[in-house]
Structures are given as structure tokens and as C-alpha cells.
Amino acid sequence: MLLELSEWFWQERWWFPKGLGWADLEDRDGRVYAKAQDLWVTLPIALTFLIIRQIFERTVATSLASLLGVKETTRLKVHHNPTLESYYRNITKSPTETSVTSLCKQTGYSARQVHRWFRRRRNQDRPSLLKKFREASWRFTFYLLAFIAGLAALIDKPWLYDLKAMWQGFPVLTLLPSQYWYYMIELGFYSSLLFSVATDVKRKDFNEQIVHHVATILLISFSWCVNYIRAGTLIMLVHDSSDYLLESAKMFNYAGWRNACNYIFIVFAAIFIVSRLVIFPFWIIYCTWVYPVTIYEPFFGYYFFNGLLMVLQCLHIFWAVLIIRMAIRFLTHNEKVDDERSDKDETDESEEGEEEEDKKNITKNGPVQNGHTVHNNNHSKTE
């Protein structure tokens, strides 16, 4: 059953233009070609990335955070309350007013105390500033090194300057060592991101991130199997050209370096828009969608490859809207650039007043528990 399914899946008519097939990609005369089984090496590479990341975040990233003055926000912990904790875990983290009234009756808390408990409890579950900084510094390091390595691998290649050259001789394109390692490392990194997504900082575009990682892994894997390697390296280079700037802006934001964060973000926004909304659709997708049909008849692999590119382009547009919105707010109102995808700690104007009131009650009436003064029955500390 599995053998029949594999034979059906790898039919040449799905993945190659008419008249070409897997036999054209067999190694011969000292020429080496990409093979599907090569992709298995990305699993140990992904595992290695996960290990290196743990070491990097605990040593280099932590030291860098201290050097840049990353300061953790002091979060007030809630007193354990089984009723509220059960409601928080099993029903909702943000109760309605009707639910608050019911919880007040069950716990003896005031409505204000219930709201405060849930607000602080939600804050406790949010990732710390140091965790965010560590993740950003890890991604910054990889994206910067990947962009430099990709540029070094492509700087002397003709298809970097003439995109039509990526199809010259297709699919019989010899695999270069630089292309092999560029592919394996990029695929291993994105696989590691997919493995660690459950423990990483969860942002508001979590679903879009999952789609992006899966589409990227499929795109890299597919382009490798059918020897779309020249196009694949160009696509990876375009994506790496701006990501390290975003991560560095996050790092300065977490460190409280407002001006550095803002100006790096503006540079990132400009490069992102040019690379993802101009170069990627009008140059690269144009050259993978329009030009190939002048050479051979369309086939399933042609549509599948370009379909994945269109998924990425839709994500680019989604993120570009968020980026432009933040950039406009900074340029017109000189506001601090914040990542709209991040889940921020909750504070409100009433909380400071609540804290001051509690302090006054403690000073004037003694300790307060559940909204009521606790009397000590005139016992002194020495008794």
C-alpha cells in the first residue's frame, strides 16, 4: 500500500516538464544532483540547532541582555485561590461581569479584587522580557549569518543578476556545495522553529507563523527535490535580507533603547516593503510564473511551487499592513514602536490607585484580607 502510494506520488508527470524525469537527475560524469533522501540530514541539523539555541540563550544572550540593560518588570503574584484558579484554567482567563459577581459570592472577594486577581494571573502567564530578548537575539544571530552566507554563495552567480538564468538548463542543474549547505542549514533552522513553537513566545499572529513555517519547509523541500535550487536560493536570500533588522529592533526595544529601536525599525520597514512587496512578487514570482511557460508546458509541480509562493506573498501583505501601521504611528506621532503581535502586560490607571488604597488601609487599619480588616485582638509581637 505504501509502496503504491509512493510510486503514485513520485510520478514524473507530476514534478517534471514533459519529456524529463528522475533519470535526468542521476549522478554521472562527476556531476552531482539534488536528491530527496538528502533532506533526512535536516533532522539532526534541526536537533543541533535546538541544542545550540539553548546554550546560546543561557550564555551569550543572557550576557548581552545584562550588557544592554534589559530590565525585568516586577510582576505581583496572586494569592492562590482554588476557585479562581479553577475558573481561570478551565473556563476563561477573562471573566464577564456576570461571572465576576458569581465569583465574588464564592470567594468573598470584592469585584475589584477579582478583576485584579485575573489581571495579575494573566500577567504571570506572559513570557518575561528576558525570554523575549533571548529569542530575538537567537533569531537575529541566525538571520544575519544566513544572509551573509547566502550573499557569499550567490554573489558570483549569474542568476542573481539575470533571473532568467535560473532556468537555463533546467532541470539538469549541477548541485554546488554552497547550495547544499545553504539549503540544509535553512531547512534545519525552520524545522527547529516548528519543533520549538510550543515553548516560544506566543504572539497574536501565531497561526500565521505556523502557516509560514510549514509553507517555507514545503517550499524548500519541494524546490530541492525537483531541482528548483537556483530559484530557492534567491527566495531564501530575499527573506533573510530584512529579518535580522526586525530582530535587532526587538532587542533594543526590550532593552529600552527607544531611539535605536525606532530607527532600526524604519530601516527594516523600508527593506521589508522593497524586498517582499516589490522584488519578491514582481521579479522572482514573475520569473517563476511567467517565464517558465515560454520554455515548457505547465505541469503540476509548476502550479504547486508557485502556489506556495503565493501563500508566502499573502503573509507578506498581512505583515506589511502591521508594519506600515506602526511606521506611520511613529513618523506622525513620534510614538514608541511596539510589536503589535506581542501580548503585553496588562496595566490600567486604576491599578496604581488600588495599590495606594491598599497601602493606606494597611497603615490605617492593619492588614486587609479579602477586602476586610484583619484584627490582631491586641496581641503584641512579643507575646
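Residues numbered from 1 in each chain as written. Predicted model: local features only at pLDDT ≥ 70, side-chain atom pairs only at ≥ 80, totals over all residues. Heavy atoms only, no water.

Bringing the pattern of salt bridges into the picture now. Following the criterion strictly, the structure yields 9 salt bridges and no others. The closest approach of N and O atoms between arginine 53 and glutamate 57, which form a salt bridge, is 2.8 Å. With arginine 53 and glutamate 57 both in helix 3 (residues 42–68) and 4 residues apart, this pair spans about one turn of that helix. Classification of glutamate 57 as buried rests on a relative accessible area of 10%. The salt bridge partner of arginine 276 is aspartate 243, with a shortest N-O separation of 2.9 Å. Residue arginine 276 is found in helix 11 (residues 258–289), and its partner aspartate 243 is found in helix 10 (residues 229–255); the two are separated by 33 residues along the sequence. Here arginine 276 falls in the buried class, since its relative accessible area comes to 2%. One connected set of salt bridges, linked through shared partners, spans Arg53, Glu57, Lys131, Glu135 and Arg139. (Salt bridge = Lys/Arg side-chain N within 4 Å of Asp/Glu carboxyl O. Helix = DSSP H or I, 4+ residues; strand = E, 2+ residues; numbered from the N terminus. Buried < 20%, exposed > 50% of the residue type's maximum accessible area, 1.4 Å probe, protein only.)

Across the protein, the average pLDDT comes to 81, with 85% of residues at or above 70. Below a pLDDT of 50 lies the segment residues 348–383, which in the model reaches 31 contacts outside its immediate sequence neighbourhood of four places, other chains included. (pLDDT = per-residue confidence, 0-100. Contact = heavy atoms within 4.5 Å.)

A positive phi angle, near 65°, is found at asparagine 227, a position not held by glycine. In this structure, asparagine 227 sits in the loop between helix 9 (206–225) and helix 10. Asparagine 227 sits in the buried class, given a relative accessible area of 2%.

A separate point is the environment of arginine 13. If you trace the backbone, arginine 13 turns up in helix 2 (residues 12–15). A residue is classified by how much of its surface remains accessible, and arginine 13, at 54% relative accessible area, is exposed. Between the alpha carbons of arginine 13 and phenylalanine 300 there is a distance of 7.7 Å; along the sequence they are 287 residues apart.

This part takes up empty space enclosed by the protein. Which parts of space are left empty comes out when a probe the size of a water molecule is rolled across the atoms. Considering all chains together, one arrives at 1 cavity of 30 Å³ or more under this definition. What the largest cavity holds in volume is close to 130 Å³. Sorting the residues of the lining of the largest cavity by element identifies helix 8 (177–195), helix 9 and helix 10 as the ones contributing at least two each. In terms of residue class, the lining of the largest cavity is built from 7 nonpolar, 5 polar and 2 charged. (1 Å grid on protein atoms, 1.4 Å probe; cavity = no way out; pocket = protein on both sides within 12 Å on 5 of 7 lines; lining within 4 Å. Points joined across faces, edges and corners; volume = space filled by probe spheres on them. Nonpolar A, V, L, I, M, F, W, Y, C, P; charged D, E, K, R; others polar.)

Glancing now at the packing of helix 7 (residues 129–154) against helix 8. Axis separation between helix 7 and helix 8 bottoms out at 10 Å; the angle between their running directions is 160°. Considering the angle they form, helix 7 stands roughly antiparallel to helix 8. Crossing of helix 7 over helix 8 shows left-handed handedness. Touching Trp138, Arg139, Phe142, Tyr143, Ala146, Gly150 and Ala153 of helix 7 are Ser178, Tyr182, Ile185, Glu186, Phe189, Tyr190 and Leu193, all from helix 8. For the contact of helix 7 with helix 8, the residue count by class is 10 nonpolar, 2 polar and 2 charged. (Axes fitted to C-alpha atoms, helices over the stretch in contact; angles between N-to-C directions. Parallel < 35°, antiparallel > 145°, perpendicular 65-115°, else oblique. Left-handed = near helix turned anticlockwise from the far one by under 90°.)

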